[in-house]
Amino acid sequence: MSGVIRSKEARRRAVYVAQILGVTGAYYLSGRLGLTRQVVVDGAVVTPLWPPTGISLAALLYFGARIWPGIALGALFTVSAIGDAFTVSRMGIVLGNTLAPLAAYALLRKVGFRSELVRLRDGICLVFLGAFAGMLISATAGSVTLLLDDKVPPGRFWLVWASWWAGDAMGVLVVTPVLLVLRRVRRPRLDERWAEACVLAVAVVLAGMISTRSSLSMVYLVFPVIIWAALRFQLPGSAPCALVVSVLAITAGTDSLGPFAGHTLMEIMINLTVLNACVALTALLLGAIVAEHQNIRRETEHAVVELEALVEQLAPLPGPPSGRHDDGPPHAPR
């Protein structure tokens, strides 16, 4: 018996180590990918979209707080790719990038967040607690440590802080919903919805390319496609569409193409943040609303069926009419 227990314990430890290494690898690879579109704001390296924050929060929602070493190691390796990791500013960044998703996870657990994202309140909590509130820690820790290390002038502190916070928050808004819906993906069936999904995929790429590369500034063109995805496929359709649009917008913005041409770096960062936030909020909240309404309808239909069955059970059995007998005519009075 003790041998079986030790074997199970060893298996659990191996799974735990594999999970940590997986989170570390995903953090590092997504960080390297995010750094391909980095911008330098007064000596601070920031990105319009930082995918590791979304991966970190999704990993915590999947595996729990015990996965935090994978986040810390991923942040350490990613920071080491930029420069020397063992400095005051670099270690402050690692600490902030580890504590921010942990704080976001704790806030979401406190309010009873459900990772299925089938309720409007879950979408609102992810936006305001997971993204906006939780990422205040990473932006503050990173900006303060850079300020103390004389990497950022005091007069530009808030500009660096805002850019840092926006990139981390967009990582949660854009990446986390995609990873959460992947958990519920089932084997697709070749029906009319599969054909519609293929058309939707083509439409979101075309709309994203036109809206982010046309000089006519038609960024609004992506919103009908996002709404279509949310109404027909809920979050499993709208979240990937939002991710595609955000990646295309960031690529065009950092290359100064289309509506981003002729603008300063700060103007491009502001436009990208506003566009990505609007796209992500539309996809997340509208998808959650549609899913919630569908769940309410299914629950109502189920309740109606149960009520009909209960009424049939309680209905009295029909009996013979009072005052008459079926075995003959009534007796005449004497």
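Naming follows an unreviewed UniProt entry, where the chain appears as MASE1 domain-containing protein of Streptomyces nanshensis. Word for word, the UniProt comment on the chain under Subcellular location (unreviewed entry) is "Cell membrane".

Q: Go over a nonpolar patch on the surface, please, and point to the residues and values.
A: There is a patch of nonpolar side chains on the surface, built from V202, L206, I210, Y220 and L221 and spanning about 470 Å² of accessible area. Checked against the element boundaries, I210 lands in helix α8 (residues 192-213).

Q: If you had to explain the environment of A207 to someone new, which residues and values would you point to?
A: Its location among the elements puts A207 in helix α8. Exposure remark for A207: the relative accessible area of 7% places this residue in the buried category. Residue contacts for A207: discarding those within four places in its chain leaves L221, V222 and V225.

Q: Hey, could you go over the nonpolar core for me, with residue numbers and the actual values?
A: If you look at the biggest cluster of nonpolar residues, it comprises 53 residues, and the most contacted ones within it are L57, L61, L108, F113, L117, L126 and W164. Residues within four places of L117 in sequence aside, it is in contact with D122, G123, L126, P177, L180, L235, L284 and A288. Counting residues in each nonpolar core, the second largest holds 19 residues, with A229, C241, V245 and A252 among its members.

Thresholds applied
Residues numbered from 1 in each chain as written. Predicted model: local features only at pLDDT ≥ 70, side-chain atom pairs only at ≥ 80, totals over all residues. Heavy atoms only, no water. UniProt positions renumbered as here; feature names shortened; annotations may be inferred. Patch = residues over 30% accessible without salt bridge, like charges linked within 9 Å, V, L, I, M, F, W, Y side chains within 5 Å. Areas by Shrake-Rupley, 256 points an atom, 1.4 Å probe, with all protein chains shown as cover. Salt bridge = Lys/Arg side-chain N within 4 Å of Asp/Glu carboxyl O. Helix = DSSP H or I, 4+ residues; strand = E, 2+ residues; numbered from the N terminus. Buried < 20%, exposed > 50% of the residue type's maximum accessible area, 1.4 Å probe, protein only. Contact = heavy atoms within 4.5 Å. Core = buried A, V, L, I, M, F, W, Y, C linked by side-chain atoms within 4.5 Å.

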